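Summary of the model geometry
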Amino acid sequence: MRLRVHISTRAHEIPWDNVIAPGRGIIYSALKRQAPQLGATIHAQGWGPHKMAPFGHSAPEFPRPQRVRGAYVAGGTGTLEFGSPLPELIDALERDLQVIPILDWGGIALNVENVTRIAPPAFGAGRTRLRTTNPITIKAEAARAPDGELIRGRWLLPGDPGFDVALGHSLRRRCETFGHGGVQLQGITWIGPKRSFSVVGHGSDSPTNVKRGKKTGAPVEVDVSGTPSALQSLWSTGIGGATSAGFGWVIA
């Protein structure tokens, strides 16, 4: 399930460091007000067997302003999306958005005009093509060297050796998190340009304890097969790592 928030702003630009970074804090703030126990559980230990953050979000998008090289333009009316397969999380976020007239998006005022629920596609064929509008990155699984030393996983970009294998593992873990199995990466059909975004780290959503860092990725298009419910969960949260930070959001 997704919430599409119809927004408006007088700002003409969003600083690159705040294009996606504020989304995570907005979700946790909404949960703190509307579903504090759920928010505390997710913040402390994640969700499901793989302890993932069970949500994702887009960047604000404004179709009217003319693009300017080197800037993330804003202005007029636009949309912002949040998603999760957890009905209780979507319910809490929707309640909060109905009483919050303005979202503080990293110092940019986004007026909330309307909120619409968007149900996931049926995915009855058991196969779909997903394209991300935000960059995607994957952390490879840790492994043991021949001498027994633990080699910690590193972040892989689309096109890096082993990225497809790591993405396949990530898709399966994400679906298992929400109680669905049987999903498989069939192929990567497109890789977009690489870009770095500022993100907020785990445990740093308080305004007095914000830890930011840069994360690099690239948008992708992938063919995925699986049960309809598994594909719906991917559509609802995004794919890859750091979806709670705004990475890997899937175009509706």
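Residues numbered from 1 in each chain as written. Predicted model: local features only at pLDDT ≥ 70, side-chain atom pairs only at ≥ 80, totals over all residues. Heavy atoms only, no water.

Side note on the pairing of strand 7 (residues 108-118)
- With seven bridges connecting them, strand 1 (residues 2-9) and strand 7 associate as antiparallel partners. Note that in strand 7 the partner of Ile7 across the bridge is Val112.
- The sheet contact formed by strand 6 (residues 102-105) and strand 7 spans four bridges and is antiparallel. Its bridge partner lying in strand 7, Leu103 is registered against Leu110.
- Hairpin geometry of strand 6 and strand 7 is characterised by an intervening segment of two residues between the two adjacent antiparallel strands and by a positive phi of about 65 degrees at Gly106. (Pairing = 2+ DSSP bridges. Helix = DSSP H or I, 4+ residues; strand = E, 2+ residues; numbered from the N terminus.)

Regarding the sheet that holds strand 1
- Read across the sheet, five strands follow the order 3-5-1-7-6 without closing on themselves; strand pairing throughout is antiparallel. Among the strands making up the open sheet, the edge pair consists of strand 3 (56-57) and strand 6.
- Where strand 1 lies against strand 5 (residues 76-83), eight bridges are found, and the strand directions are antiparallel. Its bridge partner being in strand 5, Thr9 is matched across the sheet by Gly76.
- The sheet strands contacting helix 1 (residues 22-34) are strand 3, strand 5 and strand 6, and the helix crosses strand 6 at an angle near 135 degrees. (Contact = heavy atoms within 4.5 Å. Axes fitted to C-alpha atoms, helices over the stretch in contact; angles between N-to-C directions.)

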